[in-house]
Amino acid sequence: MRLDKYLKVSRIIKRRTVANDACDAARVSVNGKPAKASYDVKVGDIIEIPFGARTLKVEVLRVADNVRKDDAVGLYREVQ
């Protein structure tokens, strides 16, 4: 699954266009490297996104095309 779609499906970022823009501006990194929106997300990848003064760092646990809002949290876990 594309990185921008994963960020939207997992509800880390609300809209796919916003996720795409963040990737284009090199604000999203996967496994320590800046990633494009077309990057193929795999289980075990570490995604980092700076939100203001805080950086969100998550590990991909599952990749799914469609999930309900309540189940979206199960796609990833926060890493410190």
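Everything below is about the structure printed above this text.
Residues numbered from 1 in each chain as written. Predicted model: local features only at pLDDT ≥ 70, side-chain atom pairs only at ≥ 80, totals over all residues. Heavy atoms only, no water.

A. Just the nonpolar core, in detail. The biggest cluster of nonpolar side chains holds 25 residues, and the ones touching the most others in it are Leu 3, Tyr 6, Leu 7, Ile 12, Val 28 and Ile 47. Considering each element in turn, this core owes the most residues, 4 residues, to helix 1 (residues 3-9). In this structure, Leu 3 is in contact with Cys 23, Val 28, Val 30, Ala 35, Lys 36, Ala 37, Tyr 39, Val 41 and Ile 47, ignoring residues within four places of it in sequence. (Core = buried A, V, L, I, M, F, W, Y, C linked by side-chain atoms within 4.5 Å. Buried < 20%, exposed > 50% of the residue type's maximum accessible area, 1.4 Å probe, protein only. Helix = DSSP H or I, 4+ residues; strand = E, 2+ residues; numbered from the N terminus. Contact = heavy atoms within 4.5 Å.)

B. Looking closely at the pairing of strand 3 (residues 46-51). Direction of pairing for strand 1 (residues 29-30) relative to strand 3: antiparallel, over a ladder of 2 bridges. Opposite Ser 29, over in strand 3, you have Glu 48 as the bridge partner. (Pairing = 2+ DSSP bridges.)

C. Summary view of a positive patch on the surface. Where like charges cluster on the molecular surface, the positive patch consists of Lys 8, Arg 11, Lys 14, Arg 15 and Lys 69. As for its position among the elements, Arg 15 is in the loop between helix 1 and helix 2 (16-24). (Patch = residues over 30% accessible without salt bridge, like charges linked within 9 Å, V, L, I, M, F, W, Y side chains within 5 Å. Areas by Shrake-Rupley, 256 points an atom, 1.4 Å probe, with all protein chains shown as cover. Salt bridge = Lys/Arg side-chain N within 4 Å of Asp/Glu carboxyl O. Lys, Arg positive; Asp, Glu negative; His and termini not counted. Charge placed at Lys NZ, Arg CZ, Asp CG, Glu CD.)

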